[in-house]
Amino acid sequence: MSSNASKPVSVIIVGAGQRSLVYASYAERYPDQLQIEGVAEPDPERRQLAAERFGISAHNTFTSVEELLGHAQLADAVINGTMDELHVSTTLPLLEHGYHVLLEKPIGVTEEETLELEVAALKYNRIVMICHVLRYAPFYKKVKQLVSDGEIGEILTMHTSEHVSYHHMAVSFVRGKWSSEAQCGSSMLMAKCCHDLDLVSWLMGEARPHKVSSFGSRMQFRPEKAPVGAGSRCLTDCSIEESCMYSARKHYLNMERWGFYVWNNYHLGMRMSEEDKLESLRTDNPYGRCVWHCDNDVVDHQSVIIEFDNLATASHNMVGTASRSCRILHIIGTHGEIQGVLEDGYFYLRQPDPVKGREYKELKIAVDVADDSHGGGDLLLVEDFVRALRGEQPSISSTTLEQSVDGHRIGFAAERSRRLNQLVTLELK
């Protein structure tokens, strides 16, 4: 850890994807705190564009983690934004080489490798912070402060719900990179909701998850559920494209959604003509496929129930294909409750108040919500990472590896429960 608070923390980007670039953009806003010193990325165009954007010397551009590790340590830390199945295999040698790591979630794709990484971080005395950015969103940070201050007493039960929009479900988990566990290594629950399971574990405080049960399935996006007239690709052989809510033309051209997934290196400034986009969707672009005729194998809805070692309970619902994307929270304690929706920008604190004419008192608490899907938490996470590397006190939202493992254990246990149709008991460490 750096003890020189006047010197910027230096980092290398490993995997120059959209999420890595969001975190790296902190250096553009606060160059006195963070500097980008290098990039390791196998795609030559993406590598070059990232180098140009951050002014990275050609000597510090690498085609792989292996090539990076062939040099002496070049920076304090790494932003690791590789795909899920590569997180642990790339991070382990980086820790050994001397780097601290800001690691995109999920930590790993199995409980075994997640725990292996925790052991390695302790062995090499490295900081590994997981990109659970929702902890840093002002909404959840304020909730955590109220819970920690005892405003609702001891938590009895908690419910969270993530409503994944129909267009997000289609682009990421039906047509896209996280559509198949066989390809990306992660279940839908871990790829999308490990944020939420982390929040549940974090808000529960010292209580540890002990028992987990879960149900869910791929109910909607199956070939036999395809409407009459659906083809294999939206813009080639589909007779219902104009009326279909999942039309690739509507989502990616007319509404201009999800460009950083659909168009190659869009997040690094590359642009295509309208005709080139159309041709891409007609031919080899995976995002032009019919949602009922893809190679997806992940669930489109799932429910999880958790019992903690203090007998408190929690539940989480992942709902694919919602009309409105949102995250819902309701915590009930022995002295009150907290209820709200992240995207609304406020929540309610209610407490029993047995006086004539009413049964409870209620306070509406407004929080700042940035116009992004993570409620403004992205760069606050990076700020905390910089603080940790400078040896300063991290915030209440700290996502150090050892504090982030329990949420992952819930997710892995939920998948075992769903597949085996049985209750899973977690061993408490």
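Criteria and thresholds
Residues numbered from 1 in each chain as written. Predicted model: local features only at pLDDT ≥ 70, side-chain atom pairs only at ≥ 80, totals over all residues. Heavy atoms only, no water. UniProt positions renumbered as here; feature names shortened; annotations may be inferred. Pairing = 2+ DSSP bridges. Helix = DSSP H or I, 4+ residues; strand = E, 2+ residues; numbered from the N terminus. Contact = heavy atoms within 4.5 Å. Axes fitted to C-alpha atoms, helices over the stretch in contact; angles between N-to-C directions. Phe/Tyr/Trp six-rings, centres within 6.5 Å; stacked < 30°, edge-to-face > 60°. Buried < 20%, exposed > 50% of the residue type's maximum accessible area, 1.4 Å probe, protein only.

An unreviewed UniProt entry annotates the chain as Gfo/Idh/MocA family oxidoreductase originating from Paenibacillus baimaensis. The Sequence similarities (unreviewed entry) comment attached to the chain in UniProt states, word for word, "Belongs to the Gfo/Idh/MocA family."

Participant: So what exactly am I meant to see when it comes to the sheet that holds strand β5 (residues 100-103) here?
Facilitator: What holds strands together in a sheet is hydrogen bonding between their backbones, with the strands either parallel or antiparallel. The strand order β3-β2-β1-β4-β5-β6 describes an open sheet built from six strands, whose pairing is parallel. Looking at which strands have only one partner, the edges of the open sheet turn out to be β3 (61-62) and β6 (128-130). Relative to strand β2 (residues 34-40), strand β1 (residues 9-14) runs parallel, the two sharing six bridges. Counterpart to Ser10 in the pairing with β2 is Gln35. Running at roughly 165° to β5, helix α14 (residues 378-389) makes contact with β1, β2, β4 (77-80), β5 and β6 of the sheet.

Participant: For this particular structure, what's the right way to read the packing of aromatic side chains?
Facilitator: The description of an aromatic ring pair rests on the distance of the ring centres and on the angle between the ring planes. Scanning the entire structure with this criterion turns up 13 aromatic pairs. Their ring planes at 75° and their centres at 6.2 Å tell us that Tyr166 and Tyr246 sit as a pair that is edge-to-face. Pair noted here: Tyr166 is in helix α8 (residues 166-174) and Tyr246 is in the loop between β8 (209-217) and α11 (248-254), with a separation of 80 residues, a long-range link. Take Tyr246: its relative accessible area is 2%, and that puts it in the buried class. Both rings, one in Trp258 and one in Tyr261, keep their centres 5.8 Å apart while their planes meet at 5°; by these two values the pair is stacked. Residue Trp258 is classed as buried on the basis of its relative accessible area of 17%. An aromatic cluster is present here, built from Tyr166, Phe221, Tyr246 and Trp292 joined pairwise through their rings.

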